[in-house]
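# Notes for the structure review
Okay, here's what each chain looks like letter by letter:
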Protein chains: 2
Amino acid sequence: MHPNLKLENIRNVLIRQEETIIFALVERAQFNHNEIIYSPDGIPIPDFNGSFMDYLLHGTEMLNATVRRYTSPDEHPFFKNLPEPILPAEAYDYPIKKTDININDHIKEIYTNKILPIMCDDGDDGQYGSSALCDVAALQALSKRIHYGKFVAESKFLSDKEAYISLIKAKDKVAIRKKITNKNVEKKLLERVALKAAAYGKEIDITIPEQETQKQKICPQLVADIYEKWLIPLTKDVEVDYLLVRER
Amino acid sequence: MHPNLKLENIRNVLIRQEETIIFALVERAQFNHNEIIYSPDGIPIPDFNGSFMDYLLHGTEMLNATVRRYTSPDEHPFFKNLPEPILPAEAYDYPIKKTDININDHIKEIYTNKILPIMCDDGDDGQYGSSALCDVAALQALSKRIHYGKFVAESKFLSDKEAYISLIKAKDKVAIRKKITNKNVEKKLLERVALKAAAYGKEIDITIPEQETQKQKICPQLVADIYEKWLIPLTKDVEVDYLLVRER
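Residues numbered from 1 in each chain as written. Chains lettered and ligands numbered in written order. Predicted model: local features only at pLDDT ≥ 70, side-chain atom pairs only at ≥ 80, totals over all residues. Heavy atoms only, no water.

## Some thoughts on helix α9 (residues 220-246) of chain B
Between its first and last C-alpha, α9 of chain B extends 36 Å over 27 residues, near the 39 Å set by a 1.5 Å rise per residue. Maximal helix bending in α9 of chain B amounts to about 40°, located at Tyr227 of chain B. (Helix = DSSP H or I, 4+ residues; strand = E, 2+ residues; numbered from the N terminus. Expected span 1.5 Å × (residues − 1). Bend = angle between axes of the 7 residues up to and from the residue.)

## Comments concerning the relation of the copies chain A and chain B
Overlaying chain A with chain B gives an RMSD of 0.0 Å, the required rotation being 180° about an axis along which the chain moves by 0.0 Å. Such a combination of turn and shift is consistent with a two-fold rotation axis. Taking the C-alpha atom as reference, chain A places Tyr200 of chain A closest to the rotation axis, 2.4 Å from it. Taken as a fraction of all interface residues of chain A, those also at the interface in chain B reach 100%, which identifies the copy contact as same-surface. (Least-squares fit on C-alpha atoms with pLDDT ≥ 70 in both. Contact = heavy atoms within 4.5 Å.)

## Brief notes about the packing of aromatic side chains
Residues and elements named next belong to chain A. Taken as a whole and assessed by the stated rule, the structure comprises nine aromatic pairs over all chains. Each ring, one from Phe23 and one from Tyr200, has its centre 5.3 Å from the other, and the planes form 70°; the classification is edge-to-face. Linking Phe23 in helix α1 (residues 7-29) with Tyr200 in helix α8 (residues 183-200), this pair joins segments that are 177 residues apart in sequence. Since its relative accessible area comes to 3%, Phe23 is described here as buried. A relative accessible area of 0% places Tyr200 in the buried class. (Phe/Tyr/Trp six-rings, centres within 6.5 Å; stacked < 30°, edge-to-face > 60°. Buried < 20%, exposed > 50% of the residue type's maximum accessible area, 1.4 Å probe, protein only.)

## Observations regarding the interface of chain A and chain B
Contacts between chain A and chain B engage 37 residues on the former and 37 residues on the latter. Here chain A packs against chain B, burying approximately 3,400 Å² in sum over the two surfaces, 68% of which is carbon and sulfur. The largest per-residue losses of area from chain A upon contact with chain B belong to Phe23, Ile204 and Ile206 of chain A, which jointly make up 19% of the total buried on that side. Across the contact surface, chain A and chain B share four salt bridges. Residue Glu27 of chain B pairs with Arg16 of chain A through a salt bridge whose shortest N-O separation is 2.9 Å. At the junction of chain A with chain B, the criterion picks out 14 residue pairs in polar contact (both at pLDDT 80 or more). Put simply, the parts of the chain that give the side of chain A that touches chain B at least two residues each are α1, α2 (52-66) and α8 of chain A. With eight residues, α2 of chain A is the single largest residue contributor to the side of chain A that touches chain B. Among the residues forming the side of chain A that touches chain B, the class breakdown is 19 nonpolar, seven polar and 11 charged. (Buried area = accessible area lost by both parts, 1.4 Å probe. Salt bridge = Lys/Arg side-chain N within 4 Å of Asp/Glu carboxyl O. Polar contact = N/O pair within 3.5 Å; in protein donor to acceptor, adjacent residues only side chain to side chain. Nonpolar A, V, L, I, M, F, W, Y, C, P; charged D, E, K, R; others polar.)

In structure tokens:
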């Protein structure tokens, strides 16, 4: 099996991505909700059709595309019609099947409408640029994590080919979802993520005794909830979608 | 005094910036040194004169400039000739004197030649885009922190005007530097930064008992050293430079 498809290696990648995701969420949580930056009519931008946050996300993706970010099998853009890479194409190791699965619209919708309102303080602090740049980092990290479901699914498929093929042929989404689910791994993940959020979101002030520094920059349970309610289910959506087209 | 110039408020801003800096360093430290991305001849980029990292830094600044990042008194670009903002100018509260002090070339040189070689594992892991994007985040955070010395200096100046004016008139750099130095605050900062780096760089693995998880994604003392050797002295450079032009 390709080393990138060994379940243990995939888990290590996903665990390392937790830091990136939590750092990005902690950074974003320091600013208010600033709702205006998500509304297409909020801050009018000349020659751009979308919100202020979309403008920065799109600009970032245009730049990233020129250095061929989106030719990598684990990267998925939020926007279409990005520029061609200015660097010569790299012969990527492509251990998964090529598909056009990309649920970034859905990820952005959930991030904007579900996660931000519970994660940030209400109101407007005027920190639009800083907030939106944190959003870009968070969305890119979430997208990468969720679409890594393709690697997870390929790995699981290869380790139990026959069983998957019969479920895929029967188009039995419910059974596929059940088969890819490992409740024990999920439970550990949620525990670990809450511990990480507690450690990385801790306010550290040496003038206050350790036991009194209860302030957190982000609620650890909130991060675990984000994983439980959205990240894990969305990753499974990608896994199921991938498996269904894997054997077409 | 303007609230942004109260020393206590400035210290809170600097303390919050520590998280951003440490997160960025921890993120960068997961990749190898990848020296090729800092050499102007390393990865040839069509129509761009500079390194791969410079290309991404420049592209990011061009995008950021369009949303008027660099009209803010606490932001300083690494590149010149950036595009004009596409948003209408904002009436910024500008509580410090306008100067053209910008030591970003020096900051980039130290980051590239001093910090990266001791922070990252040697060698090349091919993660050029990811590494360079972490560099952009780190450089922007370092630049913001160091140039915040202008606010620090203005605050100190206002709280002891006469003494500063006589030192400035005498162009006594050594005495100015001595006067802005608070060894006690520095000592606390270094302690706090090492504690933060220990907390935020901690590997968290629930399958290993707490006392055995000694692995760190970045050495806490290294982060304290970076502050002691470079961040604090460079901030003081900015403070001194600012004071010298403050009363011209």
